[in-house]
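Residue-level listing of the chains:
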Amino acid sequence: QVQLVESGGGLVQAGGSLRLSCAASGRTNTQYAMGWFRQAPGKEREFVAAISWTGRRTYYADSMKSRFTISRENNNNTVYLQMNSLKPEDTAVYYCASTDTSRSIRTPAEYNYWGRGTRVTVSS
């Protein structure tokens, strides 16, 4: 199975930037994509971005596309989420996840492996 470990979260002022990392280990040869989701207190988990195994296709939530960038290392299983122009409403726990299907890339239920999350807090 796949194990995912996120890092890079922390406290940042509005307008600042953070770079999240997700390191994957275990069986990764069957995965289609790696994705980032976030969940704020009292809210449902929402899609942020995803990238295919090859890195040739990326997906973004419309509200984040202009500020966030997902990328993948060419020679390893590390995925990054560069977050710029952060807003207080970006405050959430950010999760890395892996899916074996392209059926519904923006749907949390389609992801079969999850990391434990990294917390991002954006102050006003």
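Here, every reference points to the structure presented above.
Since the model is a prediction, treat every value here as computed from it, not as a measurement.

J.: Quick question: what am I supposed to make of the packing of aromatic side chains here?
T.: Within a pair of aromatic rings, the relevant descriptors are the distance that separates the centres and the angle that separates the planes. Summed over the entire model, instances satisfying the criterion amount to five aromatic pairs. Pairing Phe37 with Phe47 gives two aromatic rings, centres 5.6 Å apart and planes at 75°, and the pair type is edge-to-face. Of this pair, Phe37 sits in strand E4 (residues 33-39) while Phe47 sits in strand E5 (residues 46-52), and the two are ten residues apart along the sequence. In terms of burial, Phe37 and Phe47 fall into one category: buried. When the centroid spacing of 6.4 Å and the interplanar angle of 80° are considered together, the rings of Tyr95 and Trp114 count as edge-to-face. Residue Tyr95 is located in strand E9 (residues 92-99), and its partner Trp114 is located in strand E10 (residues 113-114); the two are separated by 19 residues in the primary sequence. A relative accessible area of 27% means that Trp114 is categorised as partly exposed. Members of the aromatic cluster, connected to one another through ring pairs, are Phe37, Phe47, Tyr95, Tyr111 and Trp114. The side chain of Arg19 reaches across the aromatic face of Tyr80, ending 3.8 Å from its centre.

J.: Just checking my understanding: could you explain the state of the cysteines for this structure?
T.: Disulfide: a covalent bond formed between the sulfur atoms of two cysteine residues. In the structure shown here, the tally under the stated rule is one disulfide. Between the sulfur of Cys22 and that of Cys96 lies a disulfide, 2.0 Å long from S to S. Here the S-S torsion is close to -80°, and the disulfide linking Cys22 with Cys96 is therefore left-handed. Residue Cys22 is located in strand E3 (residues 18-26), and its partner Cys96 is located in strand E9; the two are separated by 74 residues in the primary sequence. Per residue, the accessibility class of Cys22 equals that of Cys96, and both read buried.

J.: Just checking my understanding: could you explain the pairing of E4 for this structure?
T.: The side chains of a regular strand alternate between the sheet's two faces. Among the seven residues of E4, six are classified as buried, and the element is accordingly described as predominantly covered. Across six bridges, the pairing between E4 and E5 is antiparallel. The residue of E5 that forms the bridge with Met34 is Ile51. Hairpin geometry of E4 and E5 is characterised by an intervening segment of six residues between the two adjacent antiparallel strands and by a positive phi of about 80° at Gly42. Here E4 pairs with E9 via seven bridges, running antiparallel. Among the inter-strand pairings, Phe37 is bridged to a residue of E9, identified as Tyr95.

J.: Sorry if this is basic, but what is going on with the side chain of Gln31 here?
T.: For Gln31, the position within the fold is in the loop between E3 and E4. Only 3.5 Å separates the side chain of Gln31 from the side chain of Ser98, close enough to count as a polar contact. Leave out the neighbours within four places in its chain, and Gln31 touches Trp53, Arg72, Ser98, Thr99 and Asp100.

J.: Is there a simple way to think about the environment of Trp36 in this case?
T.: Looking at the secondary structure, you find Trp36 in strand E4. The class for Trp36 is buried, based on a relative accessible area of 0%. Separated by 18 residues in sequence, Trp36 and Thr54 place their C-alpha atoms 16 Å apart.

Parameters at a glance
Residues numbered from 1 in each chain as written. Predicted model: local features only at pLDDT ≥ 70, side-chain atom pairs only at ≥ 80, totals over all residues. Heavy atoms only, no water. Phe/Tyr/Trp six-rings, centres within 6.5 Å; stacked < 30°, edge-to-face > 60°. Helix = DSSP H or I, 4+ residues; strand = E, 2+ residues; numbered from the N terminus. Buried < 20%, exposed > 50% of the residue type's maximum accessible area, 1.4 Å probe, protein only. Lys NZ or Arg CZ within 6 Å of the ring centre and 35° of its normal. Disulfide = S-S within 2.5 Å. Pairing = 2+ DSSP bridges. Polar contact = N/O pair within 3.5 Å; in protein donor to acceptor, adjacent residues only side chain to side chain. Contact = heavy atoms within 4.5 Å.

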